[in-house]
Amino acid sequence: MTDQPISLQLYTVRDALDADFEGTIRKIAEMGYTAVEAANFPDGVTPQSAKTLFDSLNLTVSSAHSQPPIGDNRNAALEKLDALGCQYMVIPWLDPDPYFADLDGIKRACDLLNESNQVAQSAGLTLAYHNHWFEPAIFDGKSGLHHMLDYLDESIVFELDVYWVKVGGLDPVEVVKDLNPRMPLLHVKDGPAEAIEQDMTAVGAGALDIPAIVSASEAQWHIVELDRCATDMLEAVAQSFTYLKGLSS
């Protein structure tokens with residue numbers, strides 16, 4: 001098995017962070033995580049103050065989710081990444097209507113990402129794109145994800161979310177193999193993977209073949225993310241870390 005470092009997407013524990021940011025981050029470090037992926041911070045927490053806390057706990061910032069760094073978002077996006085000191089600026093969502101309704105929409109999505117990439121590169125950053133369940137849809141004989149490979153600048157990389165790949169109807173292991181050359185970030189989540197709104201589970205307790213996915217992955221970071229969970233979220237986060245570490249032992 002591979003032994004990539006394990007990060008946690010902080011969106012996973014957003015409710016706990018809103019209640020007690022510092023205490024929750026300390027719990028994450030105590031679980032064994034050595035890195036976090038930033039999303040939005042609670043009111044009163046700045047990227048600078050968050051980075052100070054992360055540093056005090058020896059938590060690396062593997063990557064950060066961001067709005068596309070264009071137009072009115074440009075300065076704020078670049079300043080956030082600079083304060084956090086991470087390499088990967090991840091665009092976590094583009095509206096499926098209009099961007100993934102048809103092939104022309106996919107081309108427009110890629111144009112937007114290519115424009116964003118020019119800004120990111122000017123700041124020394126690597127732009128990544130995070131998929132959901134709609135990009136795996138088939139257009140003209142191949143998935144939207146694979147069409148994106150054709151239209152995106154080669155310097156743009158992927159943060160592949162394997163759960164949404166499965167919900168979208170593709171085999172996560174095969175997509176991991178296809179994207180490996182451009183996939184430094186892998187979102188590892190688990191659950192029933194039959195419908196969009198289902199509760200997720202701790203990694204290893206759901207329907208995904210996590211051992212096969214992890215074995216196939218050449219990603220630099222494996223990042224735990226759970227959108228929602230029927231059990232206690234912090235317990236699921238701890239269980240996910242323990243499970244993934246067990247695969248590499």
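About the criteria used
Residues numbered from 1 in each chain as written. Predicted model: local features only at pLDDT ≥ 70, side-chain atom pairs only at ≥ 80, totals over all residues. Heavy atoms only, no water. Buried < 20%, exposed > 50% of the residue type's maximum accessible area, 1.4 Å probe, protein only. Helix = DSSP H or I, 4+ residues; strand = E, 2+ residues; numbered from the N terminus. Arc of directions from axis to C-beta. Contact = heavy atoms within 4.5 Å. Polar contact = N/O pair within 3.5 Å; in protein donor to acceptor, adjacent residues only side chain to side chain. Pairing = 2+ DSSP bridges. Axes fitted to C-alpha atoms, helices over the stretch in contact; angles between N-to-C directions. Parallel < 35°, antiparallel > 145°, perpendicular 65-115°, else oblique. Left-handed = near helix turned anticlockwise from the far one by under 90°. Nonpolar A, V, L, I, M, F, W, Y, C, P; charged D, E, K, R; others polar.

The next thing to look at is helix H9 (residues 172-179). Along H9, the positions that sit buried rather than exposed are Pro172, Val173, Val175, Val176 and Leu179. Buried residues of H9, viewed axially, fall in a sector of 165°; they line one side. The elements touched by buried residues of H9 are helix H7 (144-151), strand S8 (157-161), helix H8 (162-167), strand S9 (185-188) and helix H10 (210-216). The opening residue of H9, the one whose side-chain oxygen lies 3.0 Å from the backbone nitrogen of Val173, is Asp171.

So, about the sheet that holds strand S3 (residues 60-65). Overall, parallel pairing links the 8 strands, which are arranged S1-S2-S3-S4-S5-S8-S9-S10 in a closed barrel. When strand polarity is set aside, the average angle formed by the axes of neighbouring strands in this sheet is 30°. Across the sheet, helix H11 (residues 233-247) touches strand S1 (6-9), S9 and strand S10 (221-224), and the angle it forms with S1 is around 155°.

Another point: the environment of Ile25. Assignment of secondary structure puts Ile25 in helix H2 (residues 21-31). Its relative accessible area of 0% is what places Ile25 among the buried residues. When the C-alpha atoms of Ile25 and Ile156 are compared, they prove to be 30 Å apart, with 131 residues separating the residues in sequence. Beyond its immediate chain neighbours, meaning those up to four positions away, Ile25 contacts Leu10, Leu17, Leu53, Phe54, Leu57 and Leu59.

Attention now goes to the packing of helix H6 (residues 103-122) against H7. Across the interface, H6 lies against H7 with an axial gap of 10 Å and an inter-helix angle of 50°. Relative to H7, the element H6 lies oblique. Every pair of crossing elements has a handedness; the one defined by H6 and H7 is right-handed. On the side of H6, the interface is formed by Leu103, Ile106, Lys107, Cys110, Leu113 and Asn114, while H7 contributes Gly144, His147, Met148 and Tyr151. Considering only residue class, the contact of H6 with H7 consists of 6 nonpolar, 3 polar and 1 charged.

The next point concerns the side chain of Asp161. Among the structural elements, Asp161 can be located in strand S8. Classification of Asp161 as buried rests on a relative accessible area of 0%. From its side chain, Asp161 meets the backbone nitrogen of Tyr163 in a polar contact 3.1 Å long. Only 2.9 Å separates the side chain of Asp161 from the side chain of Lys189, close enough to count as a polar contact.

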